[in-house]
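Results of the structural survey
Each chain is listed here by its residues.
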Amino acid sequence: MKILVVFYSRSGRTKKIAKVISDILKCDREEVFDIKSREGVVGFLSAGTDANLRRLTAIKEIKNNPSLYDLVIIGTPIWSANISTPIRTYLSLHKEGFKNVAFFCTRLGSDAEKVFADMKNLSQKTPIALLKLTSREVNRGQYLQKVKEFIKNLKEETVK
C-alpha cells in the first residue's frame, strides 16, 4: 500500500507528528506551504481570522500527486476551532484524487470532532482513522502511544 502523509504546521507541532507517522510507516511525506506569512502575532491573528471565515489561501505547488497513493493521511493544526486555511485549500484542490483518507490534528483545546467532520465534508471521503493530540501532549512528548494506536487502526482498516 502506497501512503502519503500531508500536513501544514505553523508552530512545528503538526510537523513533528507528521514526521513520526511517516517514519513509522516508512512512507512519503509532504508539507503544505502557505504563500501568506503566518509568523508572529500578526500571522497568528490573520490565521485565526482566515480560518473562522473559511477562506482559502494560495499554497506552494505540491510535489506528490495524492491520486497516486492508496491512502493520504492529512494533518492540520486547529485554528480558531477550524481547519487551518492551507489544509482547507489542499483538501479543496485535491479531493477528487483521494482514494482513502485518515486525519490527524494538533490543538490547544478546540473540539477536534467538528474539524474532522469539516475535513470529511471537504474531502468527500470518510476517514479510516482519526488522531487528535493536544499541544501539551506534543510539547511534553506524550503522543507516541496515541500515534501507535492510530497506525494500528489504519492497518486494521486497510486490511478489511
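Quick look at the structure, then.

1. Comments concerning the pattern of salt bridges
- In total, this model carries seven salt bridges according to the counting rule given.
- Here Asp118 ties to Arg88 by a salt bridge, and the two come within 2.8 Å at their closest N and O atoms. Of this pair, Asp118 sits in helix H4 (residues 112–123) while Arg88 is found in helix H3 (residues 85–94), placing the two residues 30 residues apart along the sequence. The pair formed by Asp118 and Arg88 is uniform in burial state, with each residue classed as buried.
- Between Glu156 and Lys152 there is a salt bridge, with the nearest N and O atoms lying 3.6 Å from each other. With a gap of four residues between them, Glu156 and Lys152 both fall in helix H6 (residues 144–159), about one helical turn apart.
- Taken together, the shared-partner salt bridges connect Lys19, Asp23 and Arg29 into one network.

2. Focus: the layout of surface pockets
- As a volume, the second largest pocket reaches approximately 180 Å³.
- Lining the second largest pocket, in full, are Tyr8, Ser9, Arg10, Glu31, Val32, Phe33, Asp34, Lys36, Ser37, Arg38, Glu39 and Lys60.
- Partitioned by chemical class, the residues of the lining of the second largest pocket number three nonpolar, two polar and seven charged.

3. Considering the nonpolar core
- The biggest cluster of nonpolar side chains holds 25 residues, and the ones touching the most others in it are Ile74, Ile87, Tyr90, Leu91 and Met119.
- When residues of this core are traced back to their parent elements, those giving at least two are strand E1 (3–7), strand E3 (71–79), H3, strand E5 (101–107) and H4.
- A total of five residues in this core trace back to one element, the largest contributor, which is H4.
- Counting 22 residues, the second largest nonpolar core, distinct from the first, contains Ile17, Ala18, Ala129 and Ile151.

Cut-offs applied
- Residues numbered from 1 in each chain as written.
- Predicted model: local features only at pLDDT ≥ 70, side-chain atom pairs only at ≥ 80, totals over all residues.
- Heavy atoms only, no water.
- Salt bridge = Lys/Arg side-chain N within 4 Å of Asp/Glu carboxyl O.
- Helix = DSSP H or I, 4+ residues; strand = E, 2+ residues; numbered from the N terminus.
- Buried < 20%, exposed > 50% of the residue type's maximum accessible area, 1.4 Å probe, protein only.
- 1 Å grid on protein atoms, 1.4 Å probe; cavity = no way out; pocket = protein on both sides within 12 Å on 5 of 7 lines; lining within 4 Å.
- Points joined across faces, edges and corners; volume = space filled by probe spheres on them.
- Nonpolar A, V, L, I, M, F, W, Y, C, P; charged D, E, K, R; others polar.
- Core = buried A, V, L, I, M, F, W, Y, C linked by side-chain atoms within 4.5 Å.

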